[in-house]
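Listed below are the residues making up each chain.
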Amino acid sequence: MALNIDQIRQQFPILRREVNGHPLVYLDNAASAQKPEAVLKAMTGQASHAYANVHRGLHTLANETTEAFENARAVVQRFINAPAPENIIFTKGGTEAMNLVASGIGQQIQSGDEIVLSVMEHHSNIVPWHFLRERYGAVLKWVPVLEDGSLDMQAYQDVLSERTKFVSVTHMSNVLGTVTDAARIVRLAHDAGAQVLLDGCQAGVHLDIDVEALGCDFYVLTGHKIYGPTGIGALYGTAEALDRLAPYQGGGEMIEIVEQDRVTYNEAPHKFEAGTPPILEAIGLGAAIDWLGAFDFEEITEHEDRLYRRAFDALSSINGLRMHGQASGKGPVLSFSADGIHPHDIAQLLDRYGIAVRAGHHCAQPLMTHLGVSATARASFGIYNTVEEVDAFIDALHKARSMLL
Ligand SMILES: *Cc1c(COP(=O)(O)O)cnc(C)c1O
(Lines give C-alpha, C1' and ligand atoms only; values in the text may rest on other atoms or scores of the structure.)
Protein backbone atom coordinates (compact mmCIF):
# COMPACT_ATOMS: atom_id res chain seq x y z
CA MET A 1 0.00 0.00 0.00
CA ALA A 2 1.39 3.36 -1.01
CA LEU A 3 1.82 6.10 1.60
CA ASN A 4 -1.13 8.44 1.89
CA ILE A 5 0.75 11.72 1.90
CA ASP A 6 -2.38 13.85 2.31
CA GLN A 7 -3.27 11.97 5.44
CA ILE A 8 0.29 12.24 6.72
CA ARG A 9 0.34 15.99 6.09
CA GLN A 10 -2.84 16.48 8.08
CA GLN A 11 -0.99 15.23 11.14
CA PHE A 12 1.54 18.08 10.96
CA PRO A 13 -0.19 21.28 12.13
CA ILE A 14 2.66 23.50 10.88
CA LEU A 15 2.18 22.38 7.29
CA ARG A 16 -1.08 24.35 7.21
CA ARG A 17 0.64 27.69 7.58
CA GLU A 18 1.62 30.17 4.93
CA VAL A 19 4.95 31.94 4.56
CA ASN A 20 5.07 35.26 2.75
CA GLY A 21 1.63 34.66 1.29
CA HIS A 22 2.47 31.21 -0.08
CA PRO A 23 1.79 27.76 1.33
CA LEU A 24 4.83 26.62 3.29
CA VAL A 25 7.08 24.28 1.32
CA TYR A 26 9.41 22.86 3.93
CA LEU A 27 12.54 21.43 2.34
CA ASP A 28 14.90 21.82 5.29
CA ASN A 29 14.32 18.42 6.81
CA ALA A 30 17.99 17.52 7.02
CA ALA A 31 18.45 20.41 9.46
CA SER A 32 15.36 19.59 11.51
CA ALA A 33 12.07 17.90 10.73
CA GLN A 34 8.58 19.04 11.70
CA LYS A 35 6.67 17.20 14.39
CA PRO A 36 3.36 15.34 14.04
CA GLU A 37 0.50 15.81 16.50
CA ALA A 38 1.25 12.39 17.98
CA VAL A 39 4.59 13.71 19.26
CA LEU A 40 3.23 17.02 20.53
CA LYS A 41 0.37 15.24 22.28
CA ALA A 42 2.61 12.61 23.86
CA MET A 43 4.66 15.37 25.48
CA THR A 44 1.84 17.63 26.63
CA GLY A 45 -0.19 14.57 27.64
CA GLN A 46 2.59 13.30 29.87
CA ALA A 47 3.17 16.74 31.40
CA SER A 48 -0.57 17.18 31.98
CA HIS A 49 -1.34 13.80 33.49
CA ALA A 50 1.65 11.95 34.86
CA TYR A 51 4.69 14.07 35.42
CA ALA A 52 7.38 13.85 38.11
CA ASN A 53 11.12 13.21 38.17
CA VAL A 54 12.14 9.73 37.10
CA HIS A 55 13.76 6.87 39.06
CA ARG A 56 13.93 6.36 42.82
CA GLY A 57 10.36 7.60 43.09
CA LEU A 58 8.07 6.12 45.68
CA HIS A 59 4.91 7.84 44.57
CA THR A 60 2.50 7.15 41.75
CA LEU A 61 3.45 9.99 39.40
CA ALA A 62 7.16 9.22 39.73
CA ASN A 63 6.49 5.60 38.90
CA GLU A 64 4.26 6.42 35.94
CA THR A 65 6.77 8.89 34.53
CA THR A 66 9.62 6.44 35.00
CA GLU A 67 7.62 3.78 33.19
CA ALA A 68 6.95 6.09 30.24
CA PHE A 69 10.59 7.22 30.13
CA GLU A 70 11.94 3.66 30.23
CA ASN A 71 9.36 2.60 27.68
CA ALA A 72 10.78 5.25 25.34
CA ARG A 73 14.20 3.66 25.81
CA ALA A 74 12.76 0.29 24.79
CA VAL A 75 11.16 1.92 21.74
CA VAL A 76 14.56 3.25 20.64
CA GLN A 77 16.10 -0.16 21.32
CA ARG A 78 13.62 -1.94 19.03
CA PHE A 79 13.88 0.80 16.39
CA ILE A 80 17.56 0.06 15.79
CA ASN A 81 17.44 -3.61 16.83
CA ALA A 82 19.71 -3.19 19.85
CA PRO A 83 19.93 -6.25 22.09
CA ALA A 84 18.71 -4.57 25.30
CA PRO A 85 17.38 -1.23 26.63
CA GLU A 86 20.64 -0.91 28.60
CA ASN A 87 22.43 -0.38 25.28
CA ILE A 88 20.56 2.92 24.80
CA ILE A 89 21.72 6.14 26.43
CA PHE A 90 19.63 9.26 26.19
CA THR A 91 21.59 12.40 25.36
CA LYS A 92 20.48 15.89 24.50
CA GLY A 93 21.14 15.32 20.82
CA GLY A 94 23.50 13.88 18.26
CA THR A 95 26.24 16.33 19.18
CA GLU A 96 26.23 15.35 22.83
CA ALA A 97 26.32 11.65 21.93
CA MET A 98 29.48 12.13 19.87
CA ASN A 99 31.08 14.26 22.61
CA LEU A 100 30.18 11.63 25.18
CA VAL A 101 32.01 8.90 23.27
CA ALA A 102 35.06 11.01 22.39
CA SER A 103 35.37 12.24 25.95
CA GLY A 104 34.87 8.75 27.35
CA ILE A 105 37.59 7.13 25.27
CA GLY A 106 39.96 10.08 25.68
CA GLN A 107 41.87 8.44 28.50
CA GLN A 108 42.49 5.36 26.35
CA ILE A 109 44.22 7.52 23.72
CA GLN A 110 47.99 7.83 23.66
CA SER A 111 50.00 10.28 21.66
CA GLY A 112 50.23 9.05 18.06
CA ASP A 113 47.09 6.93 18.19
CA GLU A 114 45.04 7.47 15.06
CA ILE A 115 41.38 8.36 14.73
CA VAL A 116 39.87 7.92 11.29
CA LEU A 117 37.19 10.33 10.05
CA SER A 118 35.81 11.06 6.60
CA VAL A 119 35.93 14.49 4.98
CA MET A 120 32.12 14.54 4.84
CA GLU A 121 31.60 14.45 8.61
CA HIS A 122 29.40 16.93 10.41
CA HIS A 123 31.35 19.23 12.76
CA SER A 124 29.82 17.37 15.70
CA ASN A 125 31.70 14.28 14.54
CA ILE A 126 34.90 16.24 13.98
CA VAL A 127 35.44 18.73 16.77
CA PRO A 128 35.16 16.24 19.68
CA TRP A 129 38.00 14.29 18.01
CA HIS A 130 40.01 17.51 17.59
CA PHE A 131 39.77 17.77 21.37
CA LEU A 132 41.56 14.41 21.59
CA ARG A 133 44.15 15.67 19.14
CA GLU A 134 44.72 18.79 21.23
CA ARG A 135 44.61 17.08 24.62
CA TYR A 136 46.17 13.67 24.07
CA GLY A 137 48.10 13.94 20.83
CA ALA A 138 45.72 11.82 18.78
CA VAL A 139 46.32 11.97 15.03
CA LEU A 140 43.28 12.58 12.82
CA LYS A 141 43.24 10.68 9.53
CA TRP A 142 40.84 11.81 6.83
CA VAL A 143 39.21 9.56 4.26
CA PRO A 144 38.28 11.47 1.08
CA VAL A 145 35.15 11.09 -1.03
CA LEU A 146 35.19 10.23 -4.72
CA GLU A 147 33.83 12.44 -7.48
CA ASP A 148 30.28 11.06 -7.07
CA GLY A 149 30.31 11.72 -3.32
CA SER A 150 30.81 8.12 -2.23
CA LEU A 151 33.38 7.31 0.41
CA ASP A 152 36.75 6.31 -1.04
CA MET A 153 36.86 2.77 0.36
CA GLN A 154 40.31 2.08 -1.06
CA ALA A 155 41.69 5.12 0.76
CA TYR A 156 39.85 3.97 3.87
CA GLN A 157 41.44 0.54 3.71
CA ASP A 158 44.84 2.11 3.12
CA VAL A 159 44.61 4.38 6.14
CA LEU A 160 43.78 1.60 8.61
CA SER A 161 46.71 0.21 10.56
CA GLU A 162 47.65 -1.04 13.99
CA ARG A 163 47.83 2.63 15.01
CA THR A 164 44.11 3.08 14.32
CA LYS A 165 42.27 3.31 17.64
CA PHE A 166 38.91 4.59 16.53
CA VAL A 167 36.86 5.11 13.38
CA SER A 168 34.02 7.63 13.45
CA VAL A 169 32.09 8.08 10.23
CA THR A 170 28.68 9.07 9.03
CA HIS A 171 26.06 6.57 7.94
CA MET A 172 24.52 9.26 5.71
CA SER A 173 26.02 12.62 4.80
CA ASN A 174 23.91 15.65 5.65
CA VAL A 175 25.32 17.48 2.59
CA LEU A 176 25.85 14.85 -0.10
CA GLY A 177 23.20 12.37 0.98
CA THR A 178 25.80 9.63 0.55
CA VAL A 179 24.97 6.41 2.39
CA THR A 180 28.19 4.76 3.44
CA ASP A 181 28.80 1.02 3.36
CA ALA A 182 28.66 0.99 7.13
CA ALA A 183 28.80 -2.77 7.66
CA ARG A 184 31.97 -3.01 5.58
CA ILE A 185 33.49 0.02 7.31
CA VAL A 186 32.88 -1.67 10.65
CA ARG A 187 34.30 -5.01 9.53
CA LEU A 188 37.51 -3.44 8.23
CA ALA A 189 37.94 -1.31 11.36
CA HIS A 190 37.46 -4.30 13.62
CA ASP A 191 39.98 -6.27 11.58
CA ALA A 192 42.43 -3.46 12.34
CA GLY A 193 41.51 -3.64 16.03
CA ALA A 194 39.68 -0.31 16.13
CA GLN A 195 36.27 0.59 17.57
CA VAL A 196 33.67 2.24 15.33
CA LEU A 197 31.03 4.91 15.81
CA LEU A 198 28.44 5.48 13.11
CA ASP A 199 26.79 8.89 12.99
CA GLY A 200 23.19 8.04 12.14
CA CYS A 201 21.74 11.53 12.63
CA GLN A 202 20.64 11.56 8.97
CA ALA A 203 20.33 7.84 8.31
CA GLY A 204 17.97 7.26 11.23
CA VAL A 205 15.03 8.82 9.44
CA HIS A 206 15.62 7.38 5.97
CA LEU A 207 16.98 3.87 6.53
CA ASP A 208 15.93 0.84 8.49
CA ILE A 209 18.73 0.66 11.06
CA ASP A 210 19.95 -2.64 12.49
CA VAL A 211 22.91 -2.11 14.79
CA GLU A 212 23.40 -5.84 15.29
CA ALA A 213 23.71 -6.38 11.55
CA LEU A 214 26.00 -3.35 11.21
CA GLY A 215 28.17 -4.64 14.03
CA CYS A 216 29.20 -1.14 15.16
CA ASP A 217 30.38 -0.34 18.67
CA PHE A 218 28.41 2.92 18.80
CA TYR A 219 25.51 4.36 16.82
CA VAL A 220 24.13 7.89 17.18
CA LEU A 221 20.57 9.10 16.59
CA THR A 222 19.05 12.53 17.05
CA GLY A 223 15.41 13.11 17.88
CA HIS A 224 14.67 16.30 16.02
CA LYS A 225 15.49 14.86 12.59
CA ILE A 226 13.17 11.88 13.00
CA TYR A 227 10.04 13.99 13.56
CA GLY A 228 10.73 14.09 17.30
CA PRO A 229 11.53 16.96 19.66
CA THR A 230 14.79 18.83 20.09
CA GLY A 231 16.87 18.28 23.22
CA ILE A 232 16.98 14.51 22.82
CA GLY A 233 19.27 12.06 21.11
CA ALA A 234 20.19 8.47 21.63
CA LEU A 235 23.54 6.76 21.79
CA TYR A 236 23.69 3.03 21.22
CA GLY A 237 26.72 1.21 22.53
CA THR A 238 27.51 -2.47 22.87
CA ALA A 239 27.64 -3.64 26.49
CA GLU A 240 31.38 -4.10 26.12
CA ALA A 241 32.01 -0.68 24.58
CA LEU A 242 29.91 1.07 27.21
CA ASP A 243 31.66 -0.80 29.96
CA ARG A 244 35.05 0.42 28.73
CA LEU A 245 33.87 3.99 28.30
CA ALA A 246 34.60 6.46 31.10
CA PRO A 247 31.62 8.48 32.36
CA TYR A 248 30.97 11.81 30.66
CA GLN A 249 29.31 14.01 33.27
CA GLY A 250 29.19 13.51 37.01
CA GLY A 251 26.10 13.97 39.11
CA GLY A 252 22.99 12.24 40.34
CA GLU A 253 21.88 8.90 38.94
CA MET A 254 25.23 8.00 37.39
CA ILE A 255 26.80 6.88 40.66
CA GLU A 256 26.74 3.82 42.85
CA ILE A 257 28.56 5.05 45.96
CA VAL A 258 29.85 8.54 46.72
CA GLU A 259 32.14 9.10 49.68
CA GLN A 260 34.51 11.89 50.60
CA ASP A 261 37.51 10.22 48.99
CA ARG A 262 35.92 7.69 46.63
CA VAL A 263 33.25 7.33 43.99
CA THR A 264 31.96 4.32 42.09
CA TYR A 265 29.69 4.40 39.12
CA ASN A 266 26.34 2.97 38.18
CA GLU A 267 26.00 0.60 35.24
CA ALA A 268 25.07 1.71 31.74
CA PRO A 269 22.84 3.36 30.74
CA HIS A 270 22.64 5.26 34.05
CA LYS A 271 26.42 5.71 34.21
CA PHE A 272 26.06 8.12 31.27
CA GLU A 273 22.87 9.90 32.31
CA ALA A 274 23.94 12.28 35.07
CA GLY A 275 21.25 14.52 36.46
CA THR A 276 17.61 14.80 35.52
CA PRO A 277 17.35 13.55 31.95
CA PRO A 278 15.25 15.18 29.23
CA ILE A 279 12.17 13.25 30.35
CA LEU A 280 9.45 14.73 28.19
CA GLU A 281 11.77 14.87 25.20
CA ALA A 282 12.61 11.18 25.52
CA ILE A 283 8.91 10.38 25.67
CA GLY A 284 8.39 12.58 22.61
CA LEU A 285 11.16 10.71 20.80
CA GLY A 286 9.49 7.41 21.66
CA ALA A 287 6.24 8.75 20.22
CA ALA A 288 8.02 9.92 17.05
CA ILE A 289 9.55 6.51 16.51
CA ASP A 290 6.22 4.81 17.16
CA TRP A 291 4.64 7.19 14.66
CA LEU A 292 7.33 6.61 12.03
CA GLY A 293 7.33 2.89 12.70
CA ALA A 294 3.75 2.64 11.50
CA PHE A 295 5.02 3.15 7.95
CA ASP A 296 7.03 0.84 5.79
CA PHE A 297 10.61 2.09 5.45
CA GLU A 298 10.79 0.88 1.88
CA GLU A 299 7.78 2.97 0.97
CA ILE A 300 9.22 6.00 2.72
CA THR A 301 12.49 5.57 0.82
CA GLU A 302 10.66 5.13 -2.46
CA HIS A 303 8.54 8.24 -1.89
CA GLU A 304 11.45 10.45 -0.82
CA ASP A 305 13.63 9.16 -3.62
CA ARG A 306 10.93 10.00 -6.17
CA LEU A 307 10.87 13.58 -4.88
CA TYR A 308 14.64 13.78 -4.94
CA ARG A 309 14.83 12.41 -8.52
CA ARG A 310 12.23 14.85 -9.76
CA ALA A 311 14.11 17.78 -8.24
CA PHE A 312 17.45 16.46 -9.46
CA ASP A 313 16.20 16.01 -13.04
CA ALA A 314 14.74 19.50 -13.10
CA LEU A 315 17.91 21.06 -11.71
CA SER A 316 20.01 19.10 -14.21
CA SER A 317 18.34 20.94 -17.06
CA ILE A 318 19.36 24.35 -15.67
CA ASN A 319 22.66 25.69 -17.01
CA GLY A 320 25.32 26.74 -14.54
CA LEU A 321 24.08 24.60 -11.67
CA ARG A 322 26.35 22.12 -9.98
CA MET A 323 24.92 19.26 -7.94
CA HIS A 324 27.03 17.83 -5.13
CA GLY A 325 26.68 14.15 -4.35
CA GLN A 326 25.38 11.57 -6.79
CA ALA A 327 26.41 8.32 -5.16
CA SER A 328 24.07 5.45 -5.91
CA GLY A 329 21.64 4.63 -3.12
CA LYS A 330 21.98 8.12 -1.64
CA GLY A 331 19.40 9.74 0.60
CA PRO A 332 17.02 12.55 -0.41
CA VAL A 333 19.40 15.45 0.12
CA LEU A 334 20.05 17.77 -2.82
CA SER A 335 23.00 20.14 -2.43
CA PHE A 336 23.76 22.50 -5.26
CA SER A 337 25.59 25.65 -6.15
CA ALA A 338 25.02 28.04 -9.03
CA ASP A 339 27.72 29.88 -10.98
CA GLY A 340 27.89 33.52 -9.97
CA ILE A 341 25.18 33.31 -7.31
CA HIS A 342 25.70 33.00 -3.58
CA PRO A 343 23.66 30.16 -2.02
CA HIS A 344 22.41 32.58 0.65
CA ASP A 345 20.77 34.69 -2.05
CA ILE A 346 19.05 31.62 -3.47
CA ALA A 347 17.67 30.65 -0.05
CA GLN A 348 16.47 34.17 0.67
CA LEU A 349 14.70 34.52 -2.66
CA LEU A 350 13.10 31.09 -2.34
CA ASP A 351 11.77 32.16 1.05
CA ARG A 352 9.78 34.89 -0.68
CA TYR A 353 7.81 32.06 -2.26
CA GLY A 354 7.37 30.23 1.02
CA ILE A 355 10.08 27.70 0.23
CA ALA A 356 12.44 26.75 3.03
CA VAL A 357 15.86 25.47 1.97
CA ARG A 358 19.17 25.81 3.79
CA ALA A 359 22.29 27.52 2.53
CA GLY A 360 25.70 27.58 4.11
CA HIS A 361 28.49 25.21 5.01
CA HIS A 362 26.03 22.82 6.74
CA CYS A 363 28.46 22.30 9.63
CA ALA A 364 30.78 20.50 7.22
CA GLN A 365 33.62 22.87 6.45
CA PRO A 366 36.19 20.17 5.58
CA LEU A 367 33.73 18.90 2.96
CA MET A 368 33.21 22.41 1.56
CA THR A 369 36.98 22.72 1.22
CA HIS A 370 37.11 19.32 -0.45
CA LEU A 371 34.38 20.38 -2.91
CA GLY A 372 36.07 23.72 -3.53
CA VAL A 373 33.05 25.79 -2.50
CA SER A 374 32.39 28.00 0.51
CA ALA A 375 28.75 27.03 0.80
CA THR A 376 25.93 25.20 -0.98
CA ALA A 377 22.16 25.49 -1.11
CA ARG A 378 20.40 22.36 0.08
CA ALA A 379 16.90 21.02 -0.38
CA SER A 380 16.15 17.95 1.73
CA PHE A 381 12.99 15.90 1.55
CA GLY A 382 10.88 14.23 4.18
CA ILE A 383 7.90 11.93 4.38
CA TYR A 384 5.34 14.75 4.14
CA ASN A 385 6.74 16.45 1.04
CA THR A 386 4.88 16.22 -2.25
CA VAL A 387 5.54 16.28 -5.98
CA GLU A 388 3.65 19.61 -6.12
CA GLU A 389 6.08 21.04 -3.58
CA VAL A 390 9.04 19.93 -5.66
CA ASP A 391 7.51 21.68 -8.66
CA ALA A 392 6.90 24.84 -6.62
CA PHE A 393 10.55 24.73 -5.55
CA ILE A 394 11.77 24.36 -9.13
CA ASP A 395 9.46 27.10 -10.32
CA ALA A 396 10.69 29.48 -7.63
CA LEU A 397 14.29 28.55 -8.34
CA HIS A 398 13.85 29.57 -11.97
CA LYS A 399 12.38 32.91 -10.86
CA ALA A 400 15.15 33.44 -8.31
CA ARG A 401 17.81 32.71 -10.89
CA SER A 402 16.44 35.11 -13.42
CA MET A 403 16.36 37.81 -10.73
CA LEU A 404 19.94 37.14 -9.69
CA LEU A 405 21.64 36.72 -13.06
C1 LIG B 1 22.32 17.12 12.60
C2 LIG B 1 23.49 16.27 12.54
C3 LIG B 1 24.33 16.12 13.65
C4 LIG B 1 24.12 16.87 14.93
O5 LIG B 1 22.96 16.45 15.60
P6 LIG B 1 22.25 17.42 16.66
O7 LIG B 1 21.21 16.54 17.26
O8 LIG B 1 21.66 18.54 15.87
O9 LIG B 1 23.25 17.85 17.66
C10 LIG B 1 25.40 15.27 13.52
N11 LIG B 1 25.65 14.60 12.40
C12 LIG B 1 24.87 14.72 11.31
C13 LIG B 1 25.19 13.93 10.08
C14 LIG B 1 23.78 15.56 11.35
O15 LIG B 1 23.02 15.69 10.26
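Each chain carries its own residue numbering, running from 1 in the written order of its sequence. Where local features are concerned, this predicted model is filtered to residues with pLDDT of at least 70; where side-chain atom pairs are given and counted, the filter is 80 or more; whole-chain, interface and lining totals use all residues. Where side-chain values are given, they derive from all heavy atoms of the structure, hydrogens and water being excluded.

Undergrad: Got a minute to help me understand the domain arrangement of the protein chain in this structure?
TA: The parts lose accessible area when they come together, and the size of an interface is often stated as this lost area. Domains are outlined according to an automatic or database domain assignment. Partitioning the protein chain into structural domains gives domain 1 (5-28 + 296-404) and domain 2 (50-292). Summarising the inter-unit geometry, the C-alpha centres of domain 1 and domain 2 are found 29 Å apart. Here, residues are in contact when the closest pair of their heavy atoms is within 4.5 Å. Counting residues at the interface gives 32 residues for domain 1 and 29 residues for domain 2. Accessible surface is computed with a 1.4 Å probe, and the buried area is the amount of it that two parts give up when combined, taken over both parts together. Between domain 1 and domain 2, roughly 2,300 Å² of surface is buried when both sides are summed, and carbon and sulfur atoms account for 64% of that area. Contact with domain 2 buries area across many residues of domain 1, yet Phe297, Cys363 and Leu367 alone supply 26% of it, more than any other trio. Salt bridges, as used here, are contacts in which a Lys or Arg side-chain nitrogen is within 4 Å of a carboxyl oxygen on Asp or Glu. At the junction of domain 1 and domain 2, the tally comes to 0 salt bridges. Pairing of N or O atoms within 3.5 Å defines a polar contact, subject to two protein rules: one partner must be a possible hydrogen donor and the other a possible acceptor, and residues neighboring in sequence count only if both atoms are side-chain atoms. For the pair domain 1 and domain 2, the interface holds 16 residue pairs in polar contact (both at pLDDT 80 or more). Helical segments are the DSSP runs of H or I of at least four residues, strand segments are the runs of E of at least two, and each set is numbered from the N terminus. Elements with a minimum of two residues in the side of domain 1 that touches domain 2: helix 12 (297-316), strand 14 (333-338) and helix 14 (365-371). Broken down by element, the residue count for the side of domain 1 that touches domain 2 peaks at 6 residues, all from helix 14.

Undergrad: Explanation requested: the sheet that holds strand 9 (residues 218-222) in the structure shown.
TA: In any sheet, the strands associate via hydrogen bonds between backbone groups, in a parallel or an antiparallel arrangement. Think of it this way: DSSP has to see at least two bridges between two strands before they count as a pair. Pairing is mixed across the open sheet formed by 7 strands, whose spatial order is 4-10-9-8-7-5-6. At either margin of the open sheet sits one strand with a lone partner, and together these are strand 4 (88-91) and strand 6 (139-143). Averaged over all neighbouring strand pairs, the angle between strand axes comes to 20 degrees, with direction disregarded. Bridge count between strand 5 (residues 114-118) and strand 6: 5 bridges; the pairing is parallel. In the strand pairing of strand 6, Ile115 is matched with Leu140. Axis geometry follows a simple rule: fit a line to the C-alpha atoms, using only the stretch in contact for helices, then measure angles between N-to-C directions, giving values from 0 to 180 degrees. Contacts from helix 3 (residues 60-79) reach strand 4, strand 9 and strand 10 (233-237), with the element oriented near 115 degrees to strand 4.

Undergrad: Sorry if this is basic, but what is going on with the packing of helix 4 (residues 94-105) against helix 5 (residues 127-136) here?
TA: When two helices pack together, their arrangement is given by the angle between the helix axes and by the axis-to-axis distance. One can describe the packing of helix 4 onto helix 5 by two numbers: an axis separation of 8 Å at closest approach and a directional angle of 20 degrees. As far as their axial angle goes, helix 5 and helix 4 are roughly parallel. Here helix 4 runs over helix 5; the crossing is right-handed. Residues Met98, Asn99, Val101, Ala102 and Ile105 of helix 4 form the contact with helix 5, whose participating residues are Pro128, Trp129, Phe131 and Leu132. Across the contact of helix 4 with helix 5, the residue classes break down as 8 nonpolar, 1 polar and no charged. Roughly parallel here means an angle under 35 degrees, roughly antiparallel means over 145, roughly perpendicular means 65 to 115, and every remaining angle is called oblique. In a left-handed crossing the near helix is turned counterclockwise from the far helix by less than a right angle, and in a right-handed crossing that turn is clockwise. When residues are sorted by character, Ala, Val, Leu, Ile, Met, Phe, Trp, Tyr, Cys and Pro go into the nonpolar class, Asp, Glu, Lys and Arg into the charged class, and all the rest, Gly among them, into the polar class.

Undergrad: Honestly, helix 13 (residues 343-352) in this entry has me stumped. Any pointers?
TA: Because each turn of an α-helix spans 3.6 residues, side chains separated by three or four positions end up pointing in the same direction. The classification of residues rests on relative accessible area computed with a 1.4 Å probe and restricted to protein chains. Under 20% of the type maximum is buried, over 50% is exposed, and intermediate values are partly exposed. Those residues of helix 13 not exposed but buried are Pro343, Ile346, Ala347, Leu349 and Leu350. Buried residues along helix 13 sit in contact with strand 14, strand 15 (355-356), strand 16 (358-360), strand 17 (376-380) and helix 15 (387-404).

Undergrad: What is the right way to look at the pattern of salt bridges in this model?
TA: For side chains bearing opposite charge, pairing can occur when the charged atoms are close. With the rule as written, the count across this model stands at 14 salt bridges. A salt bridge links Glu134 to Arg133; the nearest nitrogen and oxygen atoms lie 3.9 Å apart. Linked by salt bridges that have partners in common, Asp28, Arg358 and Arg378 make up one network.

Undergrad: Whenever I open this one, the site of the ligand confuses me. Can you help?
TA: Whether a residue is near a molecule or strand depends on its heavy atoms: it is near if one of them lies within 4 Å of it. Around the ligand, a shell composed of 13 residues is seen, among which Thr95, Asp199, Gln202, Thr222 and Lys225 lie nearest. Between an oxygen atom of the ligand and a side-chain N or O atom of Thr95, the distance comes to 2.5 Å. Placement of the ligand is best described as lying within the largest pocket. The element best represented in the shell around the ligand is helix 4, accounting for 3 residues. Among the residues making up the shell around the ligand, the classes are represented as 2 nonpolar, 9 polar and 2 charged. Think of a 1 Å grid over just the protein atoms. A cavity is a set of points where a 1.4 Å probe fits yet cannot get out, a pocket is an open set with protein on both sides within 12 Å along at least five of seven lines, and lining residues have an atom within 4 Å of a point. Should more than half of a molecule's atoms lie within 2 Å of a pocket's or cavity's grid points, that molecule is taken to sit in it.

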